[in-house]
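Each chain is listed here by its residues.
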Amino acid sequence: MAKRRSNQEWQALLEQYESSNITQCVFCEQHGLSLSTFFAKRRKLQTAIRPTPVGFVGAEVVEKTTKYQAQVATANMTFLINDVELSIPQGTPATYLAELIGALS
């Protein structure tokens with residue numbers, strides 16, 4: 001039956017392997033480890049040690065300006081009342097126009 005090791009024991013084994021000049025296969029044979037378990041534990045501990053990036057990420061502001069010029073043909077109504085020229089957009093409600101003309105009279 002395989003020996004159960006804590007994460008600290010695995011970390012020590014992995015550090016021992018890193019400082020050795022032997023292959024993973026030979027290291028596992030010398031320490032009675034399954035090669036697949038060695039790979040799995042190594043990957044798991046490396047991802048646990050590597051900090052997960054949190055918070056803000058770097059961004060670069062690039063100014064890119066695109067100019068759009070909308071040319072909408074809007075017909076204005078022009079009124080001349082008591083020497084006052086009044087230009088009003090088409091579609092203005094008649095009640096508003098009546099009130100405005102009354103106020104200007």
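Residues numbered from 1 in each chain as written. Predicted model: local features only at pLDDT ≥ 70, side-chain atom pairs only at ≥ 80, totals over all residues. Heavy atoms only, no water.

Q: Provide a residue-level description of the pattern of salt bridges, including the pertinent values.
A: Scanning the entire structure with this criterion turns up one salt bridge. With a closest N to O distance of 2.9 Å, Glu18 and Arg42 form a salt bridge. Of this pair, Glu18 sits in helix α1 (residues 7-19) while Arg42 sits in helix α3 (residues 35-49), and the two are 24 residues apart along the sequence. (Salt bridge = Lys/Arg side-chain N within 4 Å of Asp/Glu carboxyl O. Helix = DSSP H or I, 4+ residues; strand = E, 2+ residues; numbered from the N terminus.)

Q: Please set out helix α2 (residues 24-31) residue by residue, giving values where relevant.
A: Buried within α2 are the following residues: Gln24, Phe27 and Cys28. Down the axis of α2, the sector holding all buried residues measures 95°, keeping them to one side. Among the exposed residues of α2, those oriented more than 90 degrees off its buried face are Glu29 and Gln30. Remark: Gly32 follows α2 within two positions and exhibits a positive phi of approximately 65°. (Buried < 20%, exposed > 50% of the residue type's maximum accessible area, 1.4 Å probe, protein only. Arc of directions from axis to C-beta.)

Q: Pulling in residues and values, what's your account of α1?
A: Here α1 spans 18 Å end to end across 13 residues, near enough to the 18 Å set by a 1.5 Å rise per residue. Along α1, the positions that sit buried rather than exposed are Trp10, Leu13, Leu14 and Tyr17. Buried positions in α1, seen along its axis, are confined to an arc of 100° and lie on one side of it. Residues of α1 that are exposed and point more than 90 degrees away from the buried face comprise Gln8 and Ser19. (Expected span 1.5 Å × (residues − 1).)

Q: Could you give me a rundown of the nonpolar core, with the residues and numbers involved?
A: With nine residues, the main nonpolar core is built from Trp10, Leu13, Leu14, Tyr17, Phe27, Cys28, Leu33, Phe38 and Leu45. Looking at this core, the elements with two or more residues in it are α1, α2 and α3. (Core = buried A, V, L, I, M, F, W, Y, C linked by side-chain atoms within 4.5 Å.)

Q: A description of the side chain of Gln24 should follow, citing residues and the corresponding values.
A: Secondary-structure assignment places Gln24 in helix α2. For Gln24, a relative accessible area of 18% translates into the label buried. Excluding its chain neighbours within four sequence positions, the residues that come into contact with Gln24 are Tyr17, Leu35, Phe38, Phe39 and Arg42. (Contact = heavy atoms within 4.5 Å.)

Q: How would you summarise the packing of α1 against α2 if you had to cite specific residues and measurements?
A: Pairs of packed helices are described in terms of their axes, by the angle between the two and the distance that separates them. Direction vectors running N to C along α1 and α2 enclose 130°, while the axes themselves pass 11 Å from each other. One way to sum up the angle between α1 and α2 is to call them oblique. In the packing of α1 onto α2, the handedness of the crossing is right-handed. Contact with α1, carried on its side by Leu13, Gln16 and Tyr17, involves Gln24, Phe27 and His31 of α2 and no other residues of that element. Partitioning the contact of α1 with α2 into residue classes produces three nonpolar, three polar and no charged. (Axes fitted to C-alpha atoms, helices over the stretch in contact; angles between N-to-C directions. Parallel < 35°, antiparallel > 145°, perpendicular 65-115°, else oblique. Left-handed = near helix turned anticlockwise from the far one by under 90°. Nonpolar A, V, L, I, M, F, W, Y, C, P; charged D, E, K, R; others polar.)

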